[in-house]
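# Observations on the model geometry
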Amino acid sequence: MVKIKEAIVVEGRYDKNTLSQVVDASIFATNGFGVINDRALLSLLRQVAEKRGLIILTDSDGGGFVIRNFLKSSIDPKFVKHAYIPDIFGKERRKKTAGKEGKLGVEGMSPDIIIDGLRAAGATIDGEASDPINEITKQDLVELGLSGCKESSFSRKKLLQKLALPEHMSANGMLQALNLLCTLRELEKIVKDL
């Protein structure tokens, strides 16, 4: 089990249960979209974020990104880190059918994928150094054809697939993830190979 300093927020109790078997950390559930109208929970998450830091780990489907974006706009960004899970199609064991988009949620991820996502987000893990790799800028994305031209959307989609990042990730979210996953030189090589 990996001990993490920051608190982690997930969508529901099954996500929380899965995560609690993988990490030793404070874990909060948003109760799906319930956090949007739950002022007490939102206040608690803000306080926890300011004291310990907060990692947002939601599903990679559209609903997960609605919750992520709500939290992102409601909590001071300097206290928040974003962990992502890849788009993996399937259904969780406890469910009879797959979700609307057919993707596994946090509860369906393997421990290795969860740890990798938290590590890539810059989680403070006991016994590991966590320092940023470098700074890729929006201008770099323009120069690499990932922003500001006709083919940018297609190129970004291919890059997200190549890096196993969620397809709903915004350009800013992608930029943050890239800064956690690779250097500018590595990104240039990946884009060239696409």
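Note that this is a predicted model, so its numbers are computed, not measured.

On to the overall build of the protein, then. In terms of regular secondary structure, the protein is built from eight helices and six strands. Rg of the C-alpha trace for the protein: 17 Å, near the compact-globule value of 16 Å for 194 residues, within the 12% margin. Reported as C-alpha extents along the three principal axes, the dimensions of the protein are approximately 45 × 40 × 30 Å. Within the protein, buried positions represent 43% of all 194 residues.

So, on to the pattern of salt bridges. Pairs can form between side chains of opposite charge whenever their charged atoms are close. Per the counting criterion, the structure on display carries ten salt bridges. Among the ionic pairs, K103 bridges to E101, the shortest N-O distance being 3.3 Å. With a shortest N-O distance of 3.0 Å, K189 and D193 are connected by a salt bridge. Here the residue K189 and the residue D193 both occupy positions in helix α8 (residues 184–193), the gap between them amounting to four residues, near one helical turn. For the pair formed by K189 and D193, the shared burial category is exposed. Residues participating in the shared-partner salt-bridge network are D87, E101, K103 and E167.

What follows is about the nonpolar core. Counting residues in each nonpolar core, the largest one holds 21 residues, and the members touching the most others are I4, I8, L19, V23, L57 and L118. No other element matches the three residues that helix α4 (residues 111–120) contributes to this core. Every residue in contact with I4, bar those within four places of it in the chain, is listed here: V23, D24, A25, R52, I55, L118, A123, T124 and I125. F65, L141, M169 and L175 belong to the second largest nonpolar core, which has 18 residues in total.

The subject of this paragraph is the sheet that holds strand β5 (residues 54–57). The four strands are arranged β4-β2-β5-β6 in an open sheet whose pairing can be described as parallel. Strands at the two margins of the open sheet, each flanked by one partner only, are β4 (27–29) and β6 (80–83). Strand-to-strand twist across the sheet, computed as the mean angle between neighbouring axes with direction ignored, equals 25 degrees. In the sheet, β5 pairs with β6 via four bridges, with the strands oriented parallel. Residue pairing across strands places I55 opposite K81, the latter belonging to β6. Against the sheet, helix α3 (residues 62–74) contacts β2 (7–10), β5 and β6, and its axis sits at roughly 160 degrees relative to β5.

This part covers unusual backbone geometry. In the Ramachandran plot, N31 falls in the positive-phi region, its phi being about 60 degrees despite a non-glycine side chain. When you line up the elements, N31 lands in the loop between β4 and α2 (39–52). By relative accessible area, which is 55% here, N31 ends up exposed.

Calculation criteria
Residues numbered from 1 in each chain as written. Predicted model: local features only at pLDDT ≥ 70, side-chain atom pairs only at ≥ 80, totals over all residues. Heavy atoms only, no water. Helix = DSSP H or I, 4+ residues; strand = E, 2+ residues; numbered from the N terminus. Rg over C-alpha atoms; globule rule 2.2 N^0.38 Å. Buried < 20%, exposed > 50% of the residue type's maximum accessible area, 1.4 Å probe, protein only. Salt bridge = Lys/Arg side-chain N within 4 Å of Asp/Glu carboxyl O. Core = buried A, V, L, I, M, F, W, Y, C linked by side-chain atoms within 4.5 Å. Contact = heavy atoms within 4.5 Å. Pairing = 2+ DSSP bridges. Axes fitted to C-alpha atoms, helices over the stretch in contact; angles between N-to-C directions.

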